[in-house]
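The primary structure of each chain is shown beneath.
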Amino acid sequence: MKLLITNISKLVGVDRERRERVCGAEMNRLDTIADAWLLAEDGRIAAFGRMEELPAELRADTEVDAKGGMVFPSFCDSHTHIVYAGSREQEFVDKINGLSYEEIARRGGGILNSADRLHDTTEDELYRQAMERVREVIRMGTGAIEIKSGYGLSTADELKMLRVVRRIRETAPVEVRATFLGAHAVARQYIGRQSEYVDLVCREMIPAVAAEALADFVDVFCDKGFFTVDETARILEAGAKYGLRPKIHADELAASGGTRVGVEHNALSVDHLERAGEAEIEILRNSDTMPTLLPGAAFFLGMPFPPARAMIDAGLGVALASDYNPGSTPSGNMKFVVSLGCIRMKMAPAEAVNAATLNGAYAMGISDMLGSIAVGKVANFFITKPIPSVEFLPYAYTSPIIDRVFLRGKEY
């Protein structure tokens, strides 16, 4: 099946070099083609160019007139927790009234609250709720998404979550990657016995997850009040025995050492980094690890924003992701994340778009197939309404400018 898009005012994110990621000054390079066309065949990008070069004999099963809108590669959201039960708006009110994230957690809220609700929710109901969120983010331009477990905190419930992720992967049109996050918090029945809970994660949960091939990655919340560097290293080493590459929650609440332990264990990404500084930037230099920034969490929780500008100026690449979850970031709007990158972290618009597309794909290990407009890549993209410039996308931070969404060469 062939899909032809014509009359594109600007084709954005063109990458003839097939770069796996962009770093430093290269992040501000976002190649475009004005007055363009794009051809997809059997779900892959087959060709593109300027309208004046469109072969007269070219025909397609479906032809779409972009009517002067721009075409962007779909967002690649490399950090989410969208499989969860219910919502936590009461904690939202608690935050308004002055309670901190840590205080809410100590009172039995936060992750433990979600774990209780998930335990009482069936797998079918979890899938139904999660698919509502998946459809929501598709409409907002996301074409690839990483989904973590971590609201189970028991072997049975972690497996339940990951089976829901597998079901989403099998039924949703987006590209999905799964991450095992049994070490999101210490389960309620193990409070005061944290080392025993780490034993459970390493000796029972990870082998059970691997036996059903339910995860691509292993993650740990390595931070103040959660898991230590030594505990994190132990969990990552246990995951590595089963082929699970690390993706780490690091340096959100304090300078936790999470970045260092992540890089030492060849983590694909270290995520959050609100408290990262010069030492963490130096650790990330010359590594294959992608610092992944979640400005929606800083925005919602009133925390410092991650030092994106310092990281890029130091030659690093960064990715942007939503952190969609019920407690600290109840939104999967990647367009808004791009805007926050520009407004609050002083990223140039091109840097923010690259961070949310190509570098986001890299942080999921899929930049060979998604994240830019390149021949052979999966045809995941969206068409905007007519807009005056690429910069208008983050500038118009709440305007619904995404007009049509295409995944694997089909409209959704």
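Because the structure is a prediction, the values reported are computed rather than measured. (Residues numbered from 1 in each chain as written. Predicted model: local features only at pLDDT ≥ 70, side-chain atom pairs only at ≥ 80, totals over all residues. Heavy atoms only, no water.)

**With respect to the side chain of asparagine 354**
Here's step 1: Summarising the element assignment, asparagine 354 is placed in helix α13 (residues 349-356).
Here's step 2: In terms of polar contacts, asparagine 354 uses its side chain to reach the backbone carbonyl oxygen of methionine 27, at 2.8 Å.
Here's step 3: With residues up to four places along the chain from it excluded, the contact list for asparagine 354 reads Val22, Glu26, Met27, Arg29, Leu30, Asn359 and Gly360. (Helix = DSSP H or I, 4+ residues; strand = E, 2+ residues; numbered from the N terminus. Polar contact = N/O pair within 3.5 Å; in protein donor to acceptor, adjacent residues only side chain to side chain. Contact = heavy atoms within 4.5 Å.)

**Section: the pairing of strand β7 (residues 142-148)**
Here's step 1: Extensive coverage of β7 is indicated by the burial of seven of its seven residues.
Here's step 2: Across three bridges, the pairing between strand β6 (residues 75-77) and β7 is parallel. The partner of phenylalanine 75 across the bridge, within β7, is threonine 142.
Here's step 3: Summarising the sheet, β7 and strand β8 (residues 175-183) pair through five bridges and their orientation is parallel. In the strand pairing of β8, lysine 148 is matched with threonine 179. (Buried < 20%, exposed > 50% of the residue type's maximum accessible area, 1.4 Å probe, protein only. Pairing = 2+ DSSP bridges.)

**Some details on the sheet that holds strand β13 (residues 319-320)**
One key point about sheets: their strands pair by backbone hydrogen bonds, in either a parallel or an antiparallel sense.
Here's step 1: An order of β6-β7-β8-β9-β10-β11-β12-β13 is seen for the eight strands of this open sheet, with the pairing classed as parallel. The open sheet has two edge strands, β6 and β13, and neither has a second partner.
Here's step 2: Taken together, the three bridges between strand β11 (residues 269-272) and strand β12 (residues 290-293) define a ladder with parallel strand orientation. Bridge pairing links serine 269 to methionine 290 in β12.

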